[in-house]
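# Tertiary structure, described
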Amino acid sequence: GSPAGEPAARPPRKGFWREVRELWDTLVLAFALVTLMKTFVIDLYKIPSGSMTPTLIGDHIAHGDHNGDGIDDLYLVAATPDGRLFGRQVFIRGADGVLRCQTDAHRTLYMNDPPHFRPSEVETRYDRILVNKMWYWFFPLERGDIVVFKLPDHDDPQTAVRDTLFNPQTPNFIKRVAALGGEVPTVDAQGRLVIDGAVVSEPDVYLRNHYFATDPLRGFQPLPFLGTRVPDGQFYVFGDNSGNSADSRYWGGVEIDRLRGRAFFRYWPLRHVSFLE
């Protein structure tokens, strides 16, 4: 210690430029780590449409009691040419709080006698998620995974939506894996996913969701790819919002090397932060 009456010696002060350099070193290191993570490990995505509703939302939404059970249900909202807002789809909330799409009447894009909403009742919501880009380096692809992928670069004559989807500028898509290579997927009369003749019950999202085997946008015409075997090295994906999703029911399988990663976490909106199932 210092002799009595003498102040303790102070450590030498760092020079201003030395402090600036150390702060800069820290910022550069942080930037390098973030860049490394984003390049090889994790990426961020914004949900661009309503095709994965109610799991992930990227649309105009409103709430209301559609079936009179005292619980608010979820509507996807559209506008008439004169600007009036109406519910074009509804997702029914059960007593357990889980949203379900139960019938064709709920899933079609334009319901009979839809409710109308004031602008103040409509919210624009685009969920933001984290995607693990390395997941499939270590784990196999499984039915039920929510995946980000790039569409194939083919021009199938059966694909009615090829002109808008199959081009090099198309962004990545997000859907749920429905069938793997070698399996035969179809949809039964109740709208349940069927694989090789058996109703899929795990994960249970497939029992909550109601799928179309037909195209509601084109007069419920049968879709060409259901009921055919998924080629080896490919997988089929469906949107959770089957009535508003361009997916493998239209354009068939996606090659495994088109995978960009597995979605696992929603970080925005804050009140809906959660791991994805």
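These numbers were taken from a predicted model, which means no experiment stands behind them.

The two faces of strand E9 (residues 146–149) match: Ile146 and Val148 on one face and Val147 and Phe149 on the other face are all buried. Of the pairings in the sheet, the one linking E9 to strand E10 (residues 173–180) comprises four bridges and is antiparallel in character. Bridge pairing in E10 places Val147 opposite Lys175. Sheet analysis places E9 next to strand E18 (residues 259–268), joined by three bridges and oriented antiparallel. Bridged to Phe149 within E18 is Leu259.

A separate point is the environment of Glu142. Here Glu142 is to be found in the loop between helix H3 (135–138) and E9. What makes Glu142 partly exposed here is its relative accessible area of 46%. As a C-alpha pair, Glu142 and Leu180 span 38 residues in sequence and 7.7 Å in three-dimensional space.

Below, the discussion takes up the pattern of salt bridges. Where charged atoms of side chains with opposite charge meet at close range, the side chains can pair. One pass over the full model with this rule turns up 15 salt bridges. Among the salt bridges present, the one from Asp145 reaches Arg262, with a minimum N-O distance of 3.5 Å. Note that Asp145 is positioned in the loop between H3 and E9 and Arg262 in strand E18, a separation of 117 residues in sequence. One salt-bridge network, held together by shared partners, links Arg125, Asp127 and Arg266.

Calculation criteria
- Residues numbered from 1 in each chain as written.
- Predicted model: local features only at pLDDT ≥ 70, side-chain atom pairs only at ≥ 80, totals over all residues.
- Heavy atoms only, no water.
- Buried < 20%, exposed > 50% of the residue type's maximum accessible area, 1.4 Å probe, protein only.
- Helix = DSSP H or I, 4+ residues; strand = E, 2+ residues; numbered from the N terminus.
- Pairing = 2+ DSSP bridges.
- Salt bridge = Lys/Arg side-chain N within 4 Å of Asp/Glu carboxyl O.

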